[in-house]
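Understanding the architecture of this molecule
Below, each chain spelled out in residue letters.
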Amino acid sequence: MRIDKYLWCVRYFKTRNQASIACKKGHVKVNGDTVKPSREVYATDKIEIRKNQINYILTVLDIPTNRVGAKLVDIYRVDNTPKSAFETQELLKFAKDYYRKKGTGRPTKKDRRDLDDLDLKNQQ
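Notes on the structure follow. (Residues numbered from 1 in each chain as written. Predicted model: local features only at pLDDT ≥ 70, side-chain atom pairs only at ≥ 80, totals over all residues. Heavy atoms only, no water.)

Another aspect to go through is the pairing of strand β3 (residues 46-51). Where strand β1 (residues 28-30) lies against β3, 3 bridges are found, and the strand directions are antiparallel. Residue pairing for β3: Val-28 is matched across the bridge by Ile-49. Sheet topology places β3 next to strand β4 (residues 54-60); 6 bridges connect them, and they run antiparallel. Paired with Glu-48 across the bridge in β4 is Ile-57. Connecting the antiparallel pair β3 and β4 is a turn made up of 2 residues, with Asn-52 showing a positive phi of about 55 degrees. (Pairing = 2+ DSSP bridges. Helix = DSSP H or I, 4+ residues; strand = E, 2+ residues; numbered from the N terminus.)

Following this line, the structure appears as structure tokens:
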């Protein structure tokens, strides 16, 4: 099965076209090699996908005949993505939430306390 079709079948991309575009941009690697959308994928292949600033690492267990339901995805792949990748994503969300627009003035005492609390959480 083609890699773009496989990624669509196991629900990493909403459409097959999005999977193809990701392959063309170099966001998909199979066994360490950047691949084209037409690359065939086989059982035991290691796939690395860069999506939403997270590097997903998968191991192919089996090839589905068609797109599968969300509950059945684990039959066809093993997700080896480290937990630290998701924690980094959470930290980015906090940073974006706190961002102050330019020209809003000097930070208040409450802003400083919030920053101190955030630093303490990151150190733990």
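Once you've had a look at it, read on.
So, about the nonpolar core. Ranked by size, the top nonpolar core spans 25 residues in total, and within it Ile-3, Tyr-6, Leu-7, Val-28, Ile-47 and Ile-49 carry the most contacts. Looking at this core, the elements with two or more residues in it are α1 (3-9), α2 (16-24), β1, β3 and β4. When residues no more than four places from it in sequence are discounted, the contact partners of Tyr-6 are Met-1, Val-41, Ile-47, Val-60, Asp-62, Ile-63, Pro-64, Tyr-76 and Arg-77. (Core = buried A, V, L, I, M, F, W, Y, C linked by side-chain atoms within 4.5 Å. Buried < 20%, exposed > 50% of the residue type's maximum accessible area, 1.4 Å probe, protein only. Contact = heavy atoms within 4.5 Å.)

The subject of this paragraph is the packing of aromatic side chains. Summed over the entire model, instances satisfying the criterion amount to 2 aromatic pairs. Ring centres of Tyr-12 and Tyr-56 lie 5.7 Å apart, and the angle between their planes is 70 degrees; on these two criteria the pair is classed as edge-to-face. Of this pair, Tyr-12 sits in the loop between α1 and α2 while Tyr-56 sits in strand β4, and the two are 44 residues apart along the sequence. Comparing Tyr-12 with Tyr-56, the two get one shared label, buried. Ring geometry for Tyr-56 and Phe-86: centres 6.0 Å apart, planes at 65 degrees, overall edge-to-face. Within this pair, whereas Tyr-56 is found in strand β4, its partner Phe-86 is found in helix α3 (residues 83-98), the two being separated by 30 residues in sequence. Among the residues examined, Tyr-56 registers a relative accessible area of 15% and is labelled buried. Residue classification places Phe-86 among the partly exposed positions, given a relative accessible area of 32%. One aromatic cluster is present, formed by Tyr-12, Tyr-56 and Phe-86 through successive ring pairs. (Phe/Tyr/Trp six-rings, centres within 6.5 Å; stacked < 30°, edge-to-face > 60°.)

Along the chain, the position of Lys-25 falls in the loop between α2 and β1. Since its relative accessible area comes to 61%, Lys-25 is described here as exposed. On a C-alpha basis, the gap between Lys-25 and Lys-36 in space is 9.1 Å, while along the polypeptide they are 11 residues apart.

With the rule as written, the count across this model stands at 6 salt bridges. A salt bridge links Arg-2 to Asp-4; its shortest N-O distance comes to 3.1 Å. By relative accessible area, Asp-4 is classed as buried at 1%. Asp-116 serves as the salt-bridge partner of Arg-112, at 3.3 Å between the closest nitrogen and oxygen. Taken together, the residues span about one helical turn, with Arg-112 and Asp-116 both in helix α4 (residues 109-123) at a distance of 4 residues. The partly exposed category is assigned to Arg-112, whose relative accessible area is 43%. In this structure, a network of salt bridges that share partners links the residues Arg-2, Asp-4 and Arg-16. (Salt bridge = Lys/Arg side-chain N within 4 Å of Asp/Glu carboxyl O.)

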